[in-house]
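# Results of the structural survey
One letter stands for each residue in the lines below.
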Amino acid sequence: MKIEDYAAFEPKFDLFAYFQGNTRGWGVFQDRSGALKRQFVVDINGTISPDGELVMTEDFVWNDGEKSQRVWRIRKQDAHRYSGRAADVVGEAKGVAYGNALNWQYDLNLPVDGKVWQVSFDDWMYLQPDGVLLNRAQMSKFGFTLGEVTIAFQKK
């Protein structure tokens, strides 16, 4: 898929405007065979820092009781490109947005059974009418698909 193919799609997705304030997401992780492995709810609080970054604090509650947090710091590079950092992101996340779509690509240090795996994410977001944001991310390691994360977001 080419992100530019979404240029005419509506409603237009503005990452900074959408995630300012409070947003909630409901998500699932499925392994490469499609089996549901975990579910979660994520509450996000987004603010704009004095230097113009979108700071997104994500608080996750997993169906097994685990709680975790990720704090993103995102910068707008130009009309279509974003860069982002978080403590468990390796290097810098790169994002490109056109129309109602945003594609993030990044590597993440993911704890798995007492070890840390570096996995790659190909993350697609699509803004829908009524403020619903659909997110589908494919996780891979060494080019092999490990699974998919699907999230539906809505503003609180």
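Quick caveat, the model's predicted, so the values are computed rather than measured.

Counting residues in hydrophobic clusters, the biggest one holds 35 residues, and the most contacted among them are Phe 13, Leu 15, Phe 19, Ile 74 and Trp 104. Once residues lying within four places of it in the same chain are set aside, the contact partners of Phe 19 are Phe 13, Ile 44, Gly 46, Leu 54, Met 56, Met 125, Leu 133, Phe 153 and Lys 155. Ile 3, Tyr 6, Ala 101 and Tyr 126 belong to the second largest nonpolar core, which has five residues in total.

What the rule picks out here adds up to 14 aromatic pairs. Judged by centre distance (5.6 Å) and plane angle (65 degrees), the rings of Phe 40 and Phe 60 are edge-to-face. One end of the pair, Phe 40, is in strand β2 (residues 36-48); the other, Phe 60, is in strand β3 (residues 54-62), and 20 residues separate them in sequence. No difference in accessibility class separates Phe 40 from Phe 60, as the two residues are buried. Ring-pair connections join several aromatic residues into one group, and the members of that group are Tyr 6, Phe 9, Trp 124 and Tyr 126.

With that out of the way, let us pick up the pairing of β3. Pairing of β2 with β3, which is carried by nine bridges, proceeds in the antiparallel orientation. Paired with Asp 43 across the strands is Asp 59, a residue of β3. Once β2 ends, the chain turns through five residues before running back antiparallel as β3, passing Gly 52 with a positive phi of about 90 degrees. Of the pairings in the sheet, the one linking β3 to strand β4 (residues 67-76) comprises eight bridges and is antiparallel in character.

The full count for this structure, using the stated rule, is 15 salt bridges. For Glu 66, the salt bridge goes to Arg 38, with nearest N and O atoms at 2.6 Å. Taken together, the residues span a long stretch of sequence, with Glu 66 in the loop between β3 and β4 and Arg 38 in strand β2 at a distance of 28 residues. One salt bridge in this structure joins Arg 70 and Asp 88, with 2.9 Å as the shortest N-O distance. Within this pair, whereas Arg 70 is found in strand β4, its partner Asp 88 is found in the loop between β5 (81-85) and β6 (89-98), the two being separated by 18 residues in sequence. Linked through salt bridges whose partners overlap, the residues forming this network are Asp 51, Glu 53, Arg 73, Arg 75 and Arg 85.

Definitions and limits used
Going along each chain's sequence as written, the residues are numbered from 1 onward. Where local features are concerned, this predicted model is filtered to residues with pLDDT of at least 70; where side-chain atom pairs are given and counted, the filter is 80 or more; whole-chain, interface and lining totals use all residues. In computing side-chain values, all of the structure's heavy atoms are included and hydrogens and water are not. Among the buried residues, those of types Ala, Val, Leu, Ile, Met, Phe, Trp, Tyr and Cys that are joined through side-chain atoms within 4.5 Å form a nonpolar core. A simple rule labels every residue: compare its accessible area, found with a 1.4 Å probe on the protein chains alone, to the largest value its type can have, and call it buried under 20%, exposed over 50%, or partly exposed in between. What makes two residues a contact is simply this: any of their non-hydrogen atoms within 4.5 Å. Centre distance within 6.5 Å is the pairing criterion for rings of Phe, Tyr and Trp, where only the six-membered ring of Trp is used; planes under 30 degrees apart are then read as stacked, over 60 as edge-to-face, and the remainder as tilted. The helix and strand labels rest on DSSP assignments: H or I over at least four residues marks a helix, E over at least two residues marks a strand, and numbering proceeds from the N terminus. Here, strands pair whenever DSSP counts at least two bridges between them. What makes a salt bridge here is a side-chain nitrogen of Lys or Arg within 4 Å of a carboxyl oxygen of Asp or Glu, nothing more.

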